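Coordinate analysis (summary)
For reference, the chains in residue letters:
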Amino acid sequence: MKSAWTFAALVPLLLLPLAAPAGEMVEVSVVNGWRDAEGRHIAGLSIRLAPGWKTYWRSPGDAGIPPRFDWAGSNNLTDASVSWPVPETFDINGMTSVGYTSDVILPLVLTPARADAAIGLDVHVTMGVCETICVPVETRIRIELPAAAAPARTTALTTALTDLPETA
C-alpha cells in the first residue's frame, strides 16, 4: 500500500517540464563592463531572444518563471546584485505577464573580496522563456573579469543602467 501511495505522489512531479539548455530560444552571455571608483565590477547579463520569444522580469506577473541566479561557484565575489531595466507587460494564454519581448541586458553590480584581483564569475542561470508555450531554461556562464577592467563603457550596458523602473 505504501509503494502505491509513493508512486501516486510522484506522478505529478514526473509531468513537470525539465529545464532545457539555452540555445535556439535564447542566448545568455556576459558584457564584461568595468570597475567603478569603489572597486565594484559593473557588468551585464545579455539575454538575446529568438524572434517571437519572451522572458520574465524579477516579478513575472500572473504567470511565468522569474530568473534565478546562483553565484556560488564564483571566486573573489562577496556580493552580486542584478538591476532590472523597465519591463513591459504582455498576455500569454489570457494571463498578464511582466518581462521582456526583445533582447535585454540586466546590469550586474559585482563586489569582489579583493578589489585588486580578478573575479572568477561562475553563475548558474535558470529562467523561463515563452513563445506559445513556456520552457524553463538553464545555462551556466564562466568568465574571468579582470581587476584592471576599464574598457570603454558599452552603450547598451550604460543604457540599461539608466533604464531602471522608479520605486513606488
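Above this text is the structure in question.
Residues numbered from 1 in each chain as written. Predicted model: local features only at pLDDT ≥ 70, side-chain atom pairs only at ≥ 80, totals over all residues. Heavy atoms only, no water.

Some remarks on the overall build of the protein chain
- For the protein chain, the count of helices and strands is two helices and 11 strands.
- Secondary structure elements of the protein chain, listed N to C terminal, follow the sequence α-β-β-β-β-β-β-β-β-β-β-β-α.
- A buried classification covers 41% of the 168 residues belonging to the protein chain.
- If you take every contact in the protein chain between residues at least 6 apart in sequence, the share linking residues at least 24 apart comes to 71%.
- With an accessible surface of roughly 9,600 Å², the protein chain has 56% of that area assigned to carbon and sulfur atoms. (Helix = DSSP H or I, 4+ residues; strand = E, 2+ residues; numbered from the N terminus. Buried < 20%, exposed > 50% of the residue type's maximum accessible area, 1.4 Å probe, protein only. Contact = heavy atoms within 4.5 Å. Areas by Shrake-Rupley, 256 points an atom, 1.4 Å probe, with all protein chains shown as cover.)

Notes on the layout of surface pockets
- Each pocket or cavity is described by its volume, and for the largest pocket that value is around 190 Å³.
- Those elements giving two or more residues to the lining of the largest pocket turn out to be β9 (104–111) and α2 (155–162).
- By residue number, the principal contributor to the lining of the largest pocket is α2, which donates three residues. (1 Å grid on protein atoms, 1.4 Å probe; cavity = no way out; pocket = protein on both sides within 12 Å on 5 of 7 lines; lining within 4 Å. Points joined across faces, edges and corners; volume = space filled by probe spheres on them.)

As for the side chain of His 41
- One can find His 41 in strand β3 (residues 41–49).
- Residue class for His 41 comes out buried when judged on its relative accessible area of 0%.
- A polar side-chain atom of His 41 sits 2.6 Å from the main-chain carbonyl oxygen of Asn 32. (Polar contact = N/O pair within 3.5 Å; in protein donor to acceptor, adjacent residues only side chain to side chain.)

Some words on the pairing of β9
- Here β9 lies mainly inside the structure; seven of its eight residues are buried.
- Across seven bridges, the pairing between β3 and β9 is antiparallel. Residue pairing across strands places His 41 opposite Leu 110, the latter belonging to β9.
- Two strands pair when backbone bridges link them, and strand β6 (residues 79–82) and β9 are joined in this way by four bridges, in the antiparallel orientation. Bridge assignment links Ser 81 to a residue of β9, and that residue is Val 109. (Pairing = 2+ DSSP bridges.)

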